[in-house]
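Descriptive structure summary
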Number of protein chains: 2
Amino acid sequence: MKVSINDVARRAEVSIKTVSRVINNEPSVRAATRQKVVSAIEELGYQPNQAARNLARSRSYTIGFVYSNPNAYYVVSMQEGIIDVCQNSGYEVMIHPLPLQEQQAVADYLENLVTRTRLAGLVLTPPFSEMPELLSNLDNRNIEYVAIQSSAPSLGGERTVRVNDRAAAKNITSHLIDQGHQQIGFLRGDPTHYATQEREAGYREALLDAHLTVDESLIYSGQYSFESGSEGVNQLLSNSKKPTAIFASNDEMAAGALFRARLTGLEIPEQLAIAGFENSPYATQTWPQLTTATLPVADIAQLATQQLLARLSKRDNELDSEVTPELIIRGSTLPA
Amino acid sequence: MKVSINDVARRAEVSIKTVSRVINNEPSVRAATRQKVVSAIEELGYQPNQAARNLARSRSYTIGFVYSNPNAYYVVSMQEGIIDVCQNSGYEVMIHPLPLQEQQAVADYLENLVTRTRLAGLVLTPPFSEMPELLSNLDNRNIEYVAIQSSAPSLGGERTVRVNDRAAAKNITSHLIDQGHQQIGFLRGDPTHYATQEREAGYREALLDAHLTVDESLIYSGQYSFESGSEGVNQLLSNSKKPTAIFASNDEMAAGALFRARLTGLEIPEQLAIAGFENSPYATQTWPQLTTATLPVADIAQLATQQLLARLSKRDNELDSEVTPELIIRGSTLPA
DNA sequence: ATGAAAGCGCTAACAA
DNA sequence: TTGTTAGCGCTTTCAT
């Protein structure tokens with residue numbers, strides 16, 4: 001039933017060490033010998049036992065994905081990206097959705113997790129990836145990780161993949177301005193994410209660059225949800241000074257806003273232009289479809305995982321990457 | 001830095017075997033001894049090394065979640081349910097999204113996976129959970145699993161959690177009939193899932209029970225997507241005989257259908273009633289909100305995982321469960 | 001109730 | 001280039 005390295009060694013008439021060399025692709029094995037071993041492995045259907053390997057090396061080939069995010073699309077896309085890279089490198093991935101907690105509690109939990117399961121490293125997403133104390137805690141405890149952050153000024157520094165939300169938000173807002181809009185509303189998402197501040201900062205910068213004043217009454221504070229977007233547009237439209245365009249912090253909010261606006265009889269984009277952020281499935285399920293910026297979630301996950309694995313195998317390729325979401329113009333801001 | 005069972009034994013002045021007994025909650029340890037050990041463990045912050053434990057027991061405490069599903073909400077909900085149960089039992093979960101392949105290829109892949117990582121068992125969802133050959137393959141190879149299926153007649157038999165899609169679909173259709181509808185359209189989803197057939201079967205049964213004839217021209221074959229629902233309603237409405245109500249195979253399709261119907265100026269539900277299936281976030285992001293049936297995904301995942309873990313620990317509690325989604329009536333079928 | 005010793009299957013020095 | 005010999009940290013007989 002279960003075949004071990006000894007069986008292979010016996011069959012190939014070599015020592016177990018040689019077998020070990022072969023399965024680890026070590027160079028110093030003569031081609032002929034290697035061939036004998038490979039054949040034996042195939043004939044026996046041998047699979048190395050990970051547990052034994054992990055124990056011997058006192059390290060594992062499993063990484064943990066740690067997150068706390070209600071956005072199913074985001075979570076699944078991240079997982080896909082991570083697994084993609086892992087599969088090609090022989091790593092497995094364990095998922096760890098966590099409730100939001102104090103940084104200290106999270107750090108303790110993660111240390112516990114890592115020592116217990118001998119996790120090789122962690123991929124962290126917001127909000128955990130943006131908790132400075134948590135990160136330095138992990139640093140101190142020698143836990144390998146990579147943190148995906150909105151490129152807010154110097155949160156953790158090293159070991160990050162940063163998303164330039166600000167630049168992208170600025171591009172979106174500028175696009176609206178280019179369309180002739182002067183009263184541009186902003187729907188702000190959940191403030192626990194840095195991305196929220198960054199997107200707002202981009203919005204403000206674009207207005208200032210165009211010598212437009214920022215009207216605080218055109219800024220609505222909500223959540224990253226459909227309902228919140230719907231509520232937000234409702235509120236902004238009841239202003240004395242109504243917006244002619246709205247930039248929502250993500251597509252789901254934008255979809256909610258668009259939905260509500262159409263219910264009240266507004267023509268989109270003629271009477272109200274609406275833009276989102278993320279290029280999630282929502283963006284193409286409205287009519288007209290949403291102008292937005294592509295947050296390449298799976299790509300980001302891949303970059304992060306590559307960086308982590310590189311560090312784990314000491315190939316310190318310094319993939320200290322930054323990604324800027326690209327503007328996608330669709331019907332919700334541009335008349336057909 | 002790293003503290004092992006030896007350190008604990010030394011500190012507690014007992015043998016490592018006694019420490020082992022304590023961490024495994026074996027009964028035959030005197031209370032006083034146990035206390036000494038527990039203290040030592042706490043003082044040292046000892047964490048058993050899973051890899052060593054797995055190796056010694058030649059089995060692991062990790063289960064795999066295997067799926068192939070584009071519905072992010074479904075996937076994340078399943079994961080939540082599985083993790084919920086696992087956390088309380090000291091199990092970890094590894095995720096394995098797979099491309100759709102031949103049953104044989106999947107079986108080979110899974111056997112490889114299980115022997116390599118010594119996975120304790122698998123949670124399978126459609127379509128894998130509904131491939132008879134695959135399941136008997138796993139049976140033969142002594143791989144533990146639990147299969148979540150739509151309760152189609154005798155697919156795998158044992159080791160399943162079944163969802164009674166048919167009964168639920170029948171309830172939804174009957175509800176539409178109760179509202180006086182006689183021309184009820186059906187939007188069929190992707191045929192690779194048994195759930196699709198079952199939901200259609202429920203639709204047909206309800207019509208027959210009410211002595212209504214099934215009009216095949218009112219049945220549209222599509223995918224479980226927003227776009228497909230939109231396309232489907234479009235097609236059905238171009239019929240000479242138009243439906244006054246539509247039952248879509250899932251909420252996403254229903255949302256697409258509702259969306260398109262409203263675009264063409266129809267009043268919902270007065271001119272067209274629409275019902276979905278799943279009670280996903282889509283169901284409450286339309287206006288009016290969708291009548292649907294609750295597919296309690298996370299609950300199903302919990303049941304499945306409990307069953308699997310019970311079997312793994314020989315507590316053969318025969319939790320051979322069945323779940324019937326419950327009808328939820330909302331504005332899309334019932335005038336305010 | 002407790003302990004000694006022999007593995008679990010592999011990798012890591014070190015030799016040869 | 002290949003093999004020998006210790007472990008990695010825990011569980012399991014089998015004694016005591």
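Residues numbered from 1 in each chain as written. Chains lettered and ligands numbered in written order. Predicted model: local features only at pLDDT ≥ 70, side-chain atom pairs only at ≥ 80, totals over all residues. Heavy atoms only, no water.

**Notes on the overall build of chain A**
The line we're drawing: Here a helix means four or more residues in a row that DSSP labels H or I, a strand means two or more in a row labelled E, and each is numbered from the N terminus. Between the two quantities, the radius of gyration covers C-alpha atoms and the globule rule is 2.2 Å times the number of residues to the power 0.38. For the exposure calls, accessible area comes from a 1.4 Å probe over protein chains only, and a residue counts as buried if that area is under 20% of its type's maximum, exposed if over 50%, partly exposed in between. With residues, only the protein chains shown are counted as cover, and all accessible areas are computed by Shrake-Rupley using a 1.4 Å probe. Under the convention used here, Asp and Glu are negative, Lys and Arg are positive, and both His and the chain ends fall outside the count. For this purpose, a charge sits on NZ of Lys, CZ of Arg, CG of Asp or CD of Glu.
Along chain A, the regular secondary structure elements total 12 helices and 12 strands. Expected size for 336 residues packed as a compact globule is a radius of gyration near 20 Å; at 25 Å, chain A overshoots this value by more than 25%. Expressed along its principal axes, the backbone C-alpha trace of chain A runs to roughly 85 × 40 × 35 Å. Counting all 336 residues of chain A, 56% fall into the buried class. Accessible surface, chain A: about 14,200 Å² in total, of which carbon and sulfur atoms supply 48%. Charge centroids of chain A, computed over 29 positive and 38 negative side chains, lie 11 Å from each other.

**Here's the deal with the side chain of Ser249 of chain B**
Residues and elements named next belong to chain B. Formally: Pairs of N or O atoms are called polar contacts if they sit within 3.5 Å, as long as, within protein, a hydrogen donor faces a hydrogen acceptor (for residues adjacent in sequence, only side-chain-to-side-chain pairs). Any two residues whose heavy atoms approach within 4.5 Å at even a single point are treated as in contact.
Residue position: Ser249 is located in the loop between β8 (245-248) and α11 (251-263). Look at Ser249 and you get buried, because its relative accessible area is 0%. Here the side chain of Ser249 touches Leu187 through a polar contact of 2.6 Å, landing on its backbone oxygen. Once residues within four sequence positions are removed from consideration, Ser249 is found in contact with Phe186, Leu187, Arg188, Gly189, Arg199, Tyr224 and Phe277.

**Observations concerning the state of the cysteines**
Threshold: Cysteine sulfur pairs qualify as disulfides if the two atoms are within 2.5 Å.
One pass over the structure, following the stated rule, counts zero disulfides over all chains. In this model Cys86 of chain A remains outside any disulfide bridge; the closest cysteine sulfur is found in Cys86 of chain B, 19 Å from its own. The buried category is assigned to Cys86 of chain A, whose relative accessible area is 1%.

**Some points on the sheet that holds strand β7 (residues 219-221) of chain A**
Residue and element names in this part refer to chain A. Definition in use: The pairing criterion is simple: DSSP has to find at least two bridges between the two strands. The axes are straight lines fitted to the C-alpha atoms, using for helices just the contacting stretch, and the angles between their N-to-C directions are given from 0 to 180°.
Spatial strand order, β7-β6-β8-β9: four strands in an open sheet with parallel pairing. Looking at the sheet topology across the chains shown, the edges are occupied by β7 and β9 (273-275). Here the strands of the sheet are splayed against their neighbours by 15 degrees on average, with no regard to which way each runs. Contacts between helix α9 (residues 194-209) and the sheet are confined to β6 (184-188), β7 and β8 (245-248), with β6 contributing the most and set at about 170 degrees to the helix.

**Re the domain arrangement of chain A**
By convention, interface size is frequently given as the accessible area that disappears when the constituent parts associate. Quick reminder of the rule: Domain limits in this description derive from either an automatic procedure or a database domain assignment.
When its domains are assigned, chain A resolves into domain 1 (5-48), domain 2 (57-164 + 297-325) and domain 3 (165-294). Each of domain 1 of chain A and domain 2 of chain A was reduced to a C-alpha centroid, and the two centroids are 35 Å apart.

**Here we look at the protein's contact with DNA strand D**
Going by this rule: A molecule or strand has a residue near it when one of that residue's heavy atoms lies within 4 Å.
The local shell around DNA strand D holds 26 residues, among which Thr18 and Thr33 of chain A together with Ile5, Lys17 and Tyr46 of chain B are the closest. Restricting attention to atoms of DNA strand D within 4 Å of the protein, one finds that 62% of them are sugar or phosphate atoms. Between DNA strand D and Thr18 of chain A, the relevant distance is 2.6 Å, taken from a phosphate oxygen to a side-chain nitrogen or oxygen of the residue. Ile5 of chain B is positioned such that a nitrogen or oxygen atom in its backbone is 2.4 Å from a phosphate oxygen of DNA strand D.

**Focus: the environment of Thr305 of chain A**
Residues and elements named next belong to chain A. Structurally, Thr305 is set in helix α12 (residues 297-312). Remark: the alpha-carbon pair of Thr305 and Leu122, spanning 183 residues in sequence, is separated by 8.9 Å. Ignoring any residue separated from it by four or fewer positions in sequence, one finds Thr305 in contact with Ile63, Ile82, Val85, Cys86 and Val123. Within the structure, Thr305 has its side chain in polar contact with the backbone oxygen of Ala301 (distance 2.7 Å).

**Brief notes about the relation of the copies chain B and chain A**
The criterion, for reference: Copies overlap after least-squares fitting; the atoms used are the C-alpha atoms of residues with pLDDT of at least 70 in both.
The transform that puts chain B on chain A rotates by 180 degrees and translates by 0.1 Å along the axis, for an RMSD of 0.2 Å. Expressed as a symmetry operation, the mapping of one chain copy onto the other fits a two-fold axis.

**Here's the deal with unusual backbone geometry**
The omega torsion across Ile268 of chain A and Pro269 of chain A is 5 degrees, close enough to zero to call that bond cis. One can find Pro269 of chain A in the loop between α11 (251-263) and β9. Each neighbour pair has its own omega, and for Trp287 of chain A with Pro288 of chain A the value is -5 degrees, a cis peptide bond. Positive phi outside glycine occurs at Glu278 of chain A, with the angle close to 130 degrees. Structurally, Glu278 of chain A is set in the loop between β9 and β10 (292-294). Residue classification places Glu278 of chain A among the buried positions, given a relative accessible area of 6%. In the Ramachandran plot, Asn25 of chain B falls in the positive-phi region, its phi being about 55 degrees despite a non-glycine side chain. Inspection of the secondary structure assignment puts Asn25 of chain B in the loop between α2 (16-23) and α3 (31-44). Taking the relative accessible area as the measure of exposure, Asn25 of chain B reaches 63% and is therefore exposed.

**Brief notes about the pattern of salt bridges**
Put simply, the test is: Only one rule defines a salt bridge in this text: a Lys or Arg side-chain nitrogen within 4 Å of an Asp or Glu carboxyl oxygen.
Scanning the entire structure with this criterion turns up 38 salt bridges over all chains. Its salt-bridge partner being Arg141 of chain B, residue Asp108 of chain B comes within 3.1 Å of it at the nearest N-O pair. Separated by 33 residues along the polypeptide, Asp108 of chain B in helix α6 (residues 103-117) and Arg141 of chain B in the loop between α7 (132-140) and β4 (145-150) bring together distant segments of the chain. Judged by relative accessible area, which is 38%, Asp108 of chain B ranks as partly exposed. Overall, Arg141 of chain B belongs to the buried group, its relative accessible area being 16%. Across the pair Glu111 of chain B and Arg141 of chain B runs a salt bridge, and its minimum N-O distance is 2.4 Å. In this pair, Glu111 of chain B is assigned in helix α6 and Arg141 of chain B in the loop between α7 and β4, connecting sequence segments 30 residues apart. Note on Glu111 of chain B: relative accessible area 29%, which makes it partly exposed. Within this structure, Arg166, Lys170, Glu198, Glu205 and Asp209 of chain A form a network of salt bridges that share partners.

**Details of the pairing of strand β4 (residues 145-150) of chain A**
Residues and elements named next belong to chain A. Filter applied, for reference: By the criterion used throughout, a crossover qualifies as right-handed when its path from the first strand across the helix to the second strand runs clockwise, the strands pointing away from the viewer.
When you tally the buried positions in β4, you get six out of six residues, the bulk of the element. Inspection of the sheet shows strand β3 (residues 121-124) paired to β4 by three bridges, in the parallel sense. Each bridged residue has a counterpart across the sheet, and for Val123 the counterpart in β4 is Val146. Once you follow β3 into helix α7 (residues 132-140) and on to β4, the crossover reads as right-handed.

**With respect to the protein's contact with DNA strand C**
The test is simple: Classification used: nonpolar for Ala, Val, Leu, Ile, Met, Phe, Trp, Tyr, Cys and Pro, charged for Asp, Glu, Lys and Arg, polar for all others including Gly.
What surrounds DNA strand C is a group of 26 residues, the closest being Ile5, Ser20 and Tyr46 of chain A together with Thr18 and Thr33 of chain B. In DNA strand C, the atoms that sit within 4 Å of the protein are 65% sugar and phosphate, with bases accounting for the remainder. Between DNA strand C and the protein, one listed contact pairs a phosphate oxygen with a side-chain N or O atom of Thr18 of chain B at 2.6 Å. A class-by-class count of the residues in the surface near DNA strand C yields 11 nonpolar, eight polar and seven charged.

**Regarding α12 of chain A**
All names here are of chain A. For clarity, the threshold we go by: Take the number of residues in a helix, subtract one, and multiply by 1.5 Å to get its expected span.
Spanning 16 residues, α12 covers 22 Å between terminal C-alpha atoms, matching the ideal 22 Å at 1.5 Å per step. If you check which residues of α12 are buried, you get Val297, Ile300, Ala301, Ala304, Thr305, Gln307, Leu308, Leu309, Ala310, Arg311 and Leu312. Positive phi shows up at Lys314, right after α12, with a value of about 65 degrees.

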